[in-house]
Amino acid sequence: MSDYRAPLADMLFTLRHTAALDHLTSLPAYEHVDADVVESALDEAARFMAEVVAPTNRIGDEQGAVRHDDGSVTLPDALRKAYQEYCAAGWSAVTGPIEFGGHGFPAAVGLAVQEMLTSSNMALSLCPMLTASAIVALREHGTPDQQATYLPRLISGEWTGTMVLTEPEAGSDVGALRTKAIPADDGTWSISGTKIFITWGEHDVADNIIHLVLARVPDAPPGTRGISLFIVPKFLPDAGGEPGRRNAVHCVSIEHKLGIHASPTCVLAFDGATGFLVGEINGGMRLMFTMMNDARLNVGLEGLAVAERAYQQALAHATDRRQGRAVGAPRTDSSPIIEHPDVRRMLMTMKAYTEAMRALMYDNAAAIDRSHAEPDGPDRERFAARAALLTPLSKAWGTDLGVEMTSLGIQIHGGMGYVEETGAAQFWRDARIAPIYEGTNGIQAIDLVMRKLPMDDGAVVLGYLGDIDETANAARNHSDLAISGTQLAAAVATARRATETMLQREDVNDRLAGASPYLRLLGTVAGAGYLVSQALVAAGDDFGRNKVATAVFYCSQLLPQVHGLLPAVEAGASELYAAQLGP
């Protein structure tokens, strides 16, 4: 298996030119951050992830998380050590608020660090990822006492966080959950119920686990209107804020999964556990969405991060593996398979999609930063709308592509890709969960067409397409990108037609039927827009020429699929119900 090395050149280029890092660091909220310091920090993060975390990926896959008879869960020693070194080096605190011990960097920079961690070991990365989402929820909605108790230790990584929603009868339909919260005389709540699919719900890598749990109080309204949010620590903090008495929450079992073996996916039983209300009674779903939206971008990042590592390994294999004779090669020699056109097509597809995903997701994170940090209210609102639009694209388009690109990585390895020793199969197995959890990609598509598309009567989406159209027009005047600009403009026109179709749908089923192809169409156009935009500003060195070549390849060979997706967007629901399914 090849080693992982962070693609620093592309990451930094994307931060500067797509995420507008220099502008971010000029905002008052981030004025303590210098763009050059960011570059030095990411360079050190790249070294750390390659040397400390990446070697644990195979170990975690082979040994996995283990549950013991007493309900405890242990991780391989190598992962425990890597996590502790990760926290000791301060990487868990990159985006944390300064007043609680964080470094206060923009989310876009934190996303770059998270990409490196996820490429190095996706299973391990889920622990800091969910902790970061818990930090966001408590920072925005916790009381001052709750923030003082939990945020410093979550930010340092001494404690970890979880998101506790799913129940046996309430998966995607969160409103069906049954876990109960009964008020106690001391102002706390008694939490009882069973939760499933709780990522890192029990482990031994940190001193405490802070569960953020959705539950119903007595006489709560039905559905999502009657859900409240509670902090339920594994160990109740004592008077000094240290882990004290064990709470009544236990791991009943862990799941045996296709991938991410080192990420303990737990069934948790709450048996009168002590909980602390966050926010208002029955307001939990709104609060949890703060955490979920943060997590959805980071799950989208998993598609990018694992695709990047799969690409690096496939590239190394294609360079070393000799088979057949390329056209024009000496008759006596076999050729590295990278010289065969079809292998290069697969590698170029992986490279182009990975760079497009990176640009989309860094832009998404930067929009989140600017929605909080821009001085003017209208600017904050505009970037909040942009972030809301990009989040389902990042999550769904990114994770679908993550599965497809890791599958291509197996294909490039040939038969050895199907053999576990190469490690290529692990990337696909790990990536396969990402389109499912944190809101299935079908739900992301529904969110896009039912909530995000109608924002400002479609002006948010159409404005985003207008920005891409400006990129296309600029490309038409570039000697190397003129054809790509024409292709991009045609794709934007198709996306506008698809958008108008969806906006005009009166039958909800017709809109829902076209949701997934519409998301794929919009994501594909967005990816082209980012790549062409980057190619326009890239220097004329080897890196810049590669940027141009990648954009040209994407526009000529990947972008045309948007025109084929349009009929599925426009078809409506009738064809989905015309045939009888099953006997």
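Residues numbered from 1 in each chain as written. Predicted model: local features only at pLDDT ≥ 70, side-chain atom pairs only at ≥ 80, totals over all residues. Heavy atoms only, no water.

Caption draft 1: Expanded view of the overall build of the protein chain. Summing up its helical and strand segments, the protein chain has 20 helices and 11 strands in all. Here the protein chain has a C-alpha radius of gyration of 24 Å; the compact-globule value for 583 residues is 25 Å, and the two agree. Counting only C-alpha atoms and orienting by the principal axes, one finds that the protein chain spans roughly 80 × 65 × 55 Å. The 583 residues of the protein chain split such that 58% are buried. Within the protein chain, contacts between residues separated by at least 24 positions form 74% of all contacts whose residues are at least 6 apart in sequence. Total accessible area on the protein chain is roughly 23100 Å²; 52% of this is exposed by carbon and sulfur atoms. (Helix = DSSP H or I, 4+ residues; strand = E, 2+ residues; numbered from the N terminus. Rg over C-alpha atoms; globule rule 2.2 N^0.38 Å. Buried < 20%, exposed > 50% of the residue type's maximum accessible area, 1.4 Å probe, protein only. Contact = heavy atoms within 4.5 Å. Areas by Shrake-Rupley, 256 points an atom, 1.4 Å probe, with all protein chains shown as cover.)

Caption draft 2: Structural context of unusual backbone geometry. Although it is not a glycine, W200 sits at a positive phi angle of roughly 55°. Relative to the elements of secondary structure, W200 occurs in the loop between β5 (189–199) and β6 (208–215). Its relative accessible area of 1% is what places W200 among the buried residues.

Caption draft 3: Representation of the pattern of salt bridges within the structure. The full count for this structure, using the stated rule, is 30 salt bridges. A salt bridge links R345 to D342; its shortest N-O distance comes to 2.8 Å. One end of the pair is R345 and the other is D342, both in helix α10 (residues 341–373) and 3 residues apart, which spans about a single turn. According to the relative accessible area criterion, R345 is partly exposed, its value standing at 37%. With a shortest N-O distance of 3.3 Å, R382 and D379 are connected by a salt bridge. In this pair, R382 and D379 are both assigned in helix α11 (residues 377–413), 3 residues apart and thus about one turn of the helix distant. Several salt bridges converge on common partners, so that one network encompasses D10, E115, E308, K351, E355, R358 and K547. (Salt bridge = Lys/Arg side-chain N within 4 Å of Asp/Glu carboxyl O.)

Caption draft 4: Just the packing of α11 against helix α17 (residues 515–537), in detail. Running from amino to carboxyl end, α11 crosses α17 at an angle of 90°, the nearest separation of the two axes being 10 Å. Between α11 and α17, the crossing angle belongs to the class labelled roughly perpendicular. Of the residues in α17, those touching α11 at L389, L390, P392, L393, A396, W397, D400, L401 and E404 are L519, R520, L522, G523, T524, G527 and Y530. Grouping the amino acids of the contact of α11 with α17 by side-chain chemistry returns 10 nonpolar, 3 polar and 3 charged. (Axes fitted to C-alpha atoms, helices over the stretch in contact; angles between N-to-C directions. Parallel < 35°, antiparallel > 145°, perpendicular 65-115°, else oblique. Nonpolar A, V, L, I, M, F, W, Y, C, P; charged D, E, K, R; others polar.)

Caption draft 5: Just the nonpolar core, in detail. Membership of the largest hydrophobic core comes to 182 residues, with the highest contact counts inside it found for L42, M116, Y518, V525 and Y554. Ranked by residues supplied to this core, first place goes to helix α9 (residues 284–320) with 16 residues. When sequence neighbours within four positions are dropped, the list of residues in contact with Y554 reads A352, Y353, A356, W397, G523, T524, G527, A528, L531, L559 and P560. (Core = buried A, V, L, I, M, F, W, Y, C linked by side-chain atoms within 4.5 Å.)

Caption draft 6: Expanded view of the packing of helix α1 (residues 8–17) against helix α6 (residues 107–120). Axis separation between α1 and α6 bottoms out at 11 Å; the angle between their running directions is 160°. Comparing their axes, α6 and α1 come out roughly antiparallel. Here α1 and α6 pass one another in a crossing that is right-handed. Across the interface between the two elements, L8, M11 and L15 from α1 touch A108, V109, A112, E115 and M116 from α6. A per-class count over the contact of α1 with α6 returns 7 nonpolar, no polar and 1 charged. (Left-handed = near helix turned anticlockwise from the far one by under 90°.)

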